[in-house]
Amino acid sequence: MWIEPEEVLLAGALWVSERANPFFILQRRRGHGRGGGLSGLLVGTLDVVLDSSARVAPYRILLQTADSQIYWNIACGSSRKEITEHWDWLESNLLQTISIFDNDEDVTTFVKGKICGIIAEENRLKVGEEPEEDCGKFREAELKMRRLFGMPDEEKLVNYYSCSYWKGRVPRQGWLYLSVNHLCFYSFLLGKEVTLVVQWTEVTQLEKNATLVFPESVRVSTRHTEHFFSMFLNINDTFKLMEQLANIAMRQLLDNEAFAADRSLPKACKTLKNVSALKRDLDARAKNERYRTMFRLTQDERLDGHTDCTLWTPFAKMHVVGQLFISNNYICFNSREEDLCQLIIPLREVSIVEKADSSSVLPCPVSISTKNKMNFLFANLKDRDFLVQRISDFLQRTPDSSWGDTSPLSLIGHQASSGPSSSAGSESVHRGRHYHAGLPTASQGLLQLYQRDAPEDLGPKAMKEKMKEEAWNIHFSEFGRGVCMYRTSRTRELVLNGIPERLRGELWLLFSGAQNEMATHPGYYGDLVEQAMGLCSLATEEIERDLHRSMPEHRAFQNDTGIAALRRVLTAYAHRNPGIGYCQAMNIVTSVLLLYCPEEEAFWLLVALCERMLPDYYNTRVVGALVDQGVFEELTRAFLPLLYEHMQDLGVISTISLSWFLTLFLSVMPFDSAVLLVDCFFYEGIKVIFQVALAVLHDNMDALLSCSDEGEAMTILGRYLDNVVNKQTVAPPIPHLHALLTSGDDPPPEIDIFDLIKSSYEKFGSLRSDVIEQMRFKQRLKVIQSLEDTAKRSVVRAMMTESAFSIEELEELYCLFKSKHMTSCYWGSSSSGAAERHDPSLPYLEQYRIDPAQFSQLFSALAPWVCGGHTPSLSARLFRLLDQNQDGLVNFKEFITGLSGMYHGDMTEKLKLLYKLHLPPALCPEEAESALEAATFFTEDEPKESSFLSDQDISGQQEVTSGEDGKDGADGEDKKEEKVKDYRYYLRMWAKEKEPKTETIKDLPRMNQEQFIDLCKTLYNMFSEEPSEQQLYHAIATVASLLLRIGEVGKKFNNGAKKADGATAPATPAAPATPAAPATPAEPQREEGPGEPGEAQVCRALADAQLEPAAASDEEAKDDTSVSSYSVVSSGSLQCEDIADDTVLVGGGEQRRGSVLDVDWSISFEQVLASLLTEPPLVDYFERKRDIQTKMAACKAQRAVERQTSSASDHELTHLST
């Protein structure tokens, strides 16, 4: 690229001159390229270690004058191609002009001015483009990364670090480049180059460790190898970024949405030195995730900023130190000391934000008032004016709430109570809707509905419940009620003591964050129910099957009211989130939510559970539950090491934990006890479930250690959980089916659920949410990669019976196919389409699909039929042939079917495939590029091969129909009786229809003249790289000559048949003759003349044509003295693009017009096969066994080259924007 002219005092230091003229010198950096000796090695090593090569391009052009010792650097380039273009431009445009200048200063001034003008013009043209945010040095490093590893422009560098890569026992100092999709390392030390490229989707383990061998290193593990990196300046920063990028890659393997860039991320207000915009965005994404998790906010919430401050807490009469967070819809506060105070203020609730008077006691305070008359005072704010302005900006964008000073909860109650008392017109509207305010479950939970008529209980348990309610009412009066409530350690104590049944739904909604989502989406659930009801899908079928299995022991689900409410909630969620749809265990959790909450609240709680609190738990592969199962195993090893070893031997942990986590203990513990764990879960998150699970194992440690098999351990744990009781419950006990089935004569002692929760906090309360998230990341890599391995094994197992490839070959082909698909998802213009078609919910064989462009690349690399310039068109035809559903995509099964036919089919199968590739649908009409297409424009006959084929099909169908009619006439009465009496007839017919029809060679349509010439072109190109090239060309010349004359015979016979049948059927053209082989009599035509058999007609036609195939073949073989450049076409056709000037033209007995397509000429597959069988070289070629291993090895080795070809050109790759 052209650069602003810079002075250079020493032109020869570290540089080698390659070209020169009186005014310009083209130089190459020592150590770049071949040669250079010891000095070149030293310069190259210094460039890599000191990163000077990122700032110094390997090529440059200097301006020199005879009288001056100063040189001017005017251009640089990362490739020889780029710098050569600049050199050629200078020689052709400037050299002649400046040679007439008398003064060297004028030359320098003129050239500098010209170069500055070119740069200004380039900048002017780029004004409309989006400005680059990254600094110059980072852009140069990104360019170097693309050049070293052959990455296209679509691959974005996130950051790069200096480090050491351990190759064996020797550390190699170099640079680690972390891009969006790859981890790359480059080192060049004293002539030894080390290059490493690892796809993030291939990483199975990523951990930071410190050992004696590798001091404070990062280990990156893939399925086949491990890589160690150390000597980082800031290892924590590097490792966090690596975790983020690997996590993004795992999400890409899970779903489509991960491929879409998050374009709403906040941008930094200033450009940071040596940090890319992408790195800043990823940092912002990580902060957003932490912020949303901390305050249970929705996925679309974006953190705007945070600052240190203090909050006045009226309940404690003190200022609490913490951090204030501001996002587009919320103001949140979290105390520095854990559990001291947390606060969430939705902007929709804010009425006034004002700056209060400052004082020495209360510096820079801001007062925030809400619509329910609560005031919050923040102080010690660093930039108060800016903060107030930001809050004001967000408030202006917040829509006004329609409920005034009422809370969303009271609003729902108000709407529900006003529903029945509305006008008669609205009642009639309600009757037509599946969900409306008049439904009993729209205003209250099922438990409240069934306890409404029960007499008031004044027993000790009921009094205990009332005391709990009173304690919560005191808490509300002191700390506030609703979404703006102060959340403190006192709140946690009340939750652990059990939430009263009357308040359970309200507090679940508050602590889970579902209340905020429901308040911002009024009417959403009702609309969703109306859209979903009546639709039929796999999810709705599964829901209907499981409805009556959801807590059947509870009377709320023993009638239509509870079942209908459960159906509406589950169906509405399946419609909202088709990616999850419905998963077993969702029915159990949702039925519990409906007991305590109205329908709409239960729906939003289910949304919070599935999408935020239990991420990926309920998708098709229950990935989240498997991840937490791995975390639980790791926690067991850390806290209960002795038990862990024994349980691993028995294989119990993986069996028990899945049901515990998926249903939050609701399916394995009595309902009244498990619901207390749900209380704690909504407040504390998943850590409570881990704590209780560890406590259960700890309490049964002695019994479990004495177990000898898995069944015994399962029985012990099952009976223990069955006897976890809630002695404070007011409701009548609900029988637990599992407990009834497993209780023996001597049941174990009862365990109080409150004691179990208390002991879990005492023994395992040190668990932290951030540590669990870290462990989840580590396990997610393992789980998703093991699922990918399972998918690969399933695909290979399914394809073993349908192809002749070995297991190892199929596995390697699957990896190549998947890699091609994943590459297309994040590179190239078709990335969005590729990402959309990646659907992990599909069967394994159809999860990965490729389009024609990717198929063409794989075909070129793996197919045994290499046809030079003809390969792309052959690939496109095979793609159309394999794409049976015509959706423009080919899955792995279809891909292997085509490849297996080329490699492992017998000669007939291979020829059949080759034959099909030159017929519709593989051959599309647009592909006819030869002059034959133009010639058909002027012919009077209609040369549509489709009409010829359809007529042939019609005639065949007529024959079949007539045959069936005759048969029906013979035994029509029997059939009538069968139809009336015997249903088995229909079953047989249905089974016959379902049977796959095996295609025979007689089913293949005939080939016309244009398609035959195209087949000759393919064969001509196919043999160009063979050792026996000459013999193959001789053979194909003979066969083509033979087939052309056979076609002529068929044409004559066809014309004769037409004349014979002209009187009886003038409108229907007869099917052409089908001679079976050149030396044998042809098959008789179906529509024969009345007085003469078809065989006799063919014999007479052969005699008329004086066709002697064997003699013609020998003659052709003698006359053909070409080495390898002869091809054969019909003398009646025009030249083809792949046929040389010295092509021998052979044809039938009579010469046709030069440029007219003969529509009557055709041949069958049997004729092609029989003709080819007469030539041993062709038989040897098509029967030869091909080895795909070498092709796959070459394809794997060339993956870097494939990356390079994804970009437009080397010049575009190395173009630096100024």
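What counts and how
Residues numbered from 1 in each chain as written. Predicted model: local features only at pLDDT ≥ 70, side-chain atom pairs only at ≥ 80, totals over all residues. Heavy atoms only, no water. Helix = DSSP H or I, 4+ residues; strand = E, 2+ residues; numbered from the N terminus. Contact = heavy atoms within 4.5 Å. Areas by Shrake-Rupley, 256 points an atom, 1.4 Å probe, with all protein chains shown as cover. Pairing = 2+ DSSP bridges. Axes fitted to C-alpha atoms, helices over the stretch in contact; angles between N-to-C directions. Buried < 20%, exposed > 50% of the residue type's maximum accessible area, 1.4 Å probe, protein only. Core = buried A, V, L, I, M, F, W, Y, C linked by side-chain atoms within 4.5 Å. Phe/Tyr/Trp six-rings, centres within 6.5 Å; stacked < 30°, edge-to-face > 60°. Lys NZ or Arg CZ within 6 Å of the ring centre and 35° of its normal. Expected span 1.5 Å × (residues − 1). Left-handed = near helix turned anticlockwise from the far one by under 90°. Nonpolar A, V, L, I, M, F, W, Y, C, P; charged D, E, K, R; others polar. Parallel < 35°, antiparallel > 145°, perpendicular 65-115°, else oblique. Salt bridge = Lys/Arg side-chain N within 4 Å of Asp/Glu carboxyl O. pLDDT = per-residue confidence, 0-100.

### Focus: the overall build of the protein chain
Argument step 1. Across its full length, the protein chain carries 50 helices and 27 strands.
Argument step 2. Of the contacts formed within the protein chain by residues at least 6 apart in sequence, a portion of 68% connects residues at least 24 apart.
Argument step 3. Of the roughly 57,200 Å² of accessible surface on the protein chain, 52% is carried by carbon and sulfur atoms.

### Things to note about the sheet that holds strand 4 (residues 59-63)
Argument step 1. Strand order across the open sheet formed by 5 strands is 1-5-4-3-2, with antiparallel pairing between neighbours. Of all strands in the sheet, those with a lone pairing partner are strand 1 (2-8) and strand 2 (15-20), marking the two edges. Taking the axes of each pair of neighbouring strands and ignoring which way they run, one obtains an average angle of 35° across the sheet.

### Brief notes about unusual backbone geometry
Argument step 1. Each neighbour pair has its own omega, and for Pro 920 with Pro 921 the value is 5°, a cis peptide bond.
Argument step 2. The residue Lys 373 is not glycine, and still its phi comes out positive at about 65°.
Argument step 3. At Leu 664, a position not held by glycine, the phi torsion is positive, near 55°.
Argument step 4. Along the chain, Leu 664 turns up in the loop between helix 24 (653-662) and helix 25 (671-684).
Argument step 5. Since its relative accessible area comes to 2%, Leu 664 is described here as buried.

### Overview of the nonpolar core
Argument step 1. Ranked by size, the top nonpolar core spans 148 residues in total, and within it Phe 378, Trp 508, Met 586, Tyr 618, Trp 660 and Phe 665 carry the most contacts.
Argument step 2. Excluding residues within four positions of it along the chain, Tyr 618 makes contact with Ile 580, Cys 583, Gln 584, Ala 585, Met 586, Val 589, Cys 610 and Leu 662.
Argument step 3. Judged by nonpolar contacts, the second largest core, of 108 residues, contains Tyr 165, Val 194, Phe 777 and Tyr 915.

### Remarks on the packing of aromatic side chains
Argument step 1. Scanning all chains against the criterion turns up 46 aromatic pairs.
Argument step 2. When the centroid spacing of 5.6 Å and the interplanar angle of 65° are considered together, the rings of Tyr 291 and Phe 295 count as edge-to-face. Linking Tyr 291 with Phe 295, this pair stays in helix 8 (residues 277-295), spanning 4 residues, or about one helical turn. Across the pair, Phe 295 and Tyr 291 agree in class, each one buried.
Argument step 3. An aromatic cluster of at least three residues, connected via ring pairs, comprises Tyr 814, Phe 817, Tyr 848, Phe 855, Phe 859, Phe 879, Phe 892 and Phe 895.
Argument step 4. Against the face of Trp 72 rests Lys 112, its NZ or CZ located 3.7 Å from the ring centre.
Argument step 5. Directly above the ring of Tyr 596 sits Arg 504, whose terminal nitrogen or CZ lies 5.0 Å from the centroid.

### Re the sheet that holds strand 15 (residues 330-335)
Hydrogen bonds along the backbone pair up the strands of a sheet, which may run parallel or antiparallel.
Argument step 1. Pairing within the open sheet is antiparallel, and its 7 strands lie in the order 16-15-14-13-19-18-17. Pairing within the sheet leaves two strands with one partner each, and these edge strands are strand 16 (342-346) and strand 17 (350-355). Strand-to-strand twist across the sheet, computed as the mean angle between neighbouring axes with direction ignored, equals 30°.
Argument step 2. The pairing of strand 13 (residues 303-313) with strand 19 (residues 375-379) spans 2 bridges and is classified as antiparallel.

### Structural notes on the pairing of strand 16
Argument step 1. The element strand 16 is largely enclosed, with a buried count of 5 among its 5 residues.
Argument step 2. Burial along strand 16 is two-sided: the residues Gln 342, Ile 344 and Pro 346 and Leu 343 and Ile 345 are all buried.
Argument step 3. Note that strand 15 and strand 16 share 5 bridges and pair antiparallel. Each bridged residue has a counterpart across the sheet, and for Phe 333 the counterpart in strand 16 is Leu 343.
Argument step 4. Hairpin remark: strand 15 followed by strand 16, antiparallel, with 6 residues in the connecting loop; positive phi at Asp 339, about 65°.

### A short note on helix 26 (residues 687-699)
Argument step 1. For helix 26, built from 13 residues, the straight-helix expectation of 18 Å at 1.5 Å per residue is met to within 8% by its first-to-last C-alpha distance of 18 Å.
Argument step 2. With 11 of 13 residues buried, helix 26 is to be regarded as a mostly interior element.
Argument step 3. Looking at helix 26, one finds that the buried residues are Lys 687, Val 688, Ile 689, Phe 690, Gln 691, Val 692, Ala 693, Leu 694, Ala 695, Val 696 and Leu 697.

### Re the environment of Gln 584
Argument step 1. The residue Gln 584 is located in the loop between helix 19 (560-576) and helix 20 (586-596) in this model.
Argument step 2. Residues Gln 584 and Asn 619, spaced 35 residues apart in sequence, show a C-alpha to C-alpha distance of 9.9 Å.
Argument step 3. Sequence-distant contacts of Gln 584, that is, excluding residues within four places in its chain, are made with Arg 545, Asp 546, Arg 549 and Tyr 618.

### Considering the side chain of Glu 517
Argument step 1. Its place among the elements puts Glu 517 in helix 16 (residues 514-519).
Argument step 2. What makes Glu 517 buried here is its relative accessible area of 8%.
Argument step 3. Apart from the residues within four sequence positions on either side, Glu 517 is in contact with Thr 298, Arg 576, Trp 604, Val 607 and Arg 612.

### Overview of the packing of helix 34 (residues 852-862) against helix 35 (residues 871-882)
Argument step 1. For the pair helix 34 and helix 35, the least separation of the axes is 9 Å and the interaxial angle reads 120°. Both helix 34 and helix 35 take part in a crossing whose hand is right-handed. Residue-level contacts link Pro 852, Phe 855, Ser 856, Phe 859 and Ser 860 of helix 34 to Thr 871, Pro 872, Leu 874, Ser 875, Leu 878, Phe 879 and Leu 882 of helix 35.
Argument step 2. A class-by-class count of the residues in the contact of helix 34 with helix 35 yields 8 nonpolar, 4 polar and no charged.

### Description of the environment of Ala 791
Argument step 1. Inspection of the secondary structure assignment puts Ala 791 in helix 31 (residues 769-800).
Argument step 2. Using a relative accessible area of 0% as the deciding quantity, one classes Ala 791 as buried.
Argument step 3. A sequence separation of 56 residues divides Ala 791 from Gln 847, and the C-alpha atoms of the two residues are 9.3 Å apart.
Argument step 4. Beyond its immediate stretch of four places on either side in the chain, Ala 791 contacts Tyr 814 and Tyr 844.

### Details of the side chain of Asp 616
Argument step 1. By secondary structure assignment, the location of Asp 616 is in the loop between helix 21 (599-613) and helix 22 (623-639).
Argument step 2. Each residue touching Asp 616, except ones within four places of it in the same chain, is listed here: Arg 251, Leu 254, Cys 610, Val 622, Val 623, Gly 624 and Ala 625.

### Regarding the pairing of strand 2
Argument step 1. As paired elements, strand 2 and strand 3 (residues 24-29) share 5 bridges and run antiparallel to each other. Looking at strand 3, one finds that Ser 17 is bridged to Gln 27.

### Overview of the packing of helix 17 (residues 524-532) against helix 19
Argument step 1. Here helix 17 crosses helix 19 at 85°, and the two axes come no closer than 9 Å. For the element pair helix 17 / helix 19, the angle class is roughly perpendicular. In contact with Tyr 524, Tyr 525, Leu 528, Val 529, Gln 531 and Ala 532 of helix 17, helix 19 contributes Arg 568, Val 569, Thr 571, Ala 572, His 575 and Arg 576.
Argument step 2. Of the residues that constitute the contact of helix 17 with helix 19, the class distribution is 7 nonpolar, 3 polar and 2 charged.

### Focus: the environment of Leu 862
Argument step 1. With respect to the helices, strands and loops of the structure, Leu 862 is situated in helix 34.
Argument step 2. Residue classification places Leu 862 among the buried residues on the basis of a relative accessible area of 0%.
Argument step 3. It is 9.4 Å that separates the C-alpha atoms of Leu 862 and Leu 813, two residues lying 49 residues apart in sequence.
Argument step 4. If near-sequence neighbours (up to four positions away) are discounted, Leu 862 is found in contact with Leu 813, Leu 816, Phe 895, Leu 899, Tyr 903, Lys 1191, Met 1192 and Cys 1195.

### Digging into the pattern of salt bridges
Argument step 1. As enumerated under the stated definition, the model contains 44 salt bridges in all.
Argument step 2. Arg 877 serves as the salt-bridge partner of Asp 1014, at 2.3 Å between the closest nitrogen and oxygen. Highlighted residues: Asp 1014 in helix 42 (residues 1009-1022) and Arg 877 in helix 35, separated in sequence by 137 residues.
Argument step 3. By relative accessible area, which is 2% here, Arg 877 ends up buried.
Argument step 4. Where salt bridges share partners, they join Glu 207, Arg 219, Glu 226, Glu 634 and Lys 778 into one cluster.

### Brief notes about the confidence of the model for the protein chain
Argument step 1. Per-chain confidence: the protein chain averages 76 in pLDDT, with 72% of residues scoring 70 or above.
Argument step 2. Scored below 50 in pLDDT, residues 401-431 shows 28 contacts in the model against residues more than four places distant or in partner chains.
Argument step 3. Below a pLDDT of 50 lies the segment residues 1200-1218, which in the model reaches 46 contacts outside its immediate sequence neighbourhood of four places, other chains included.

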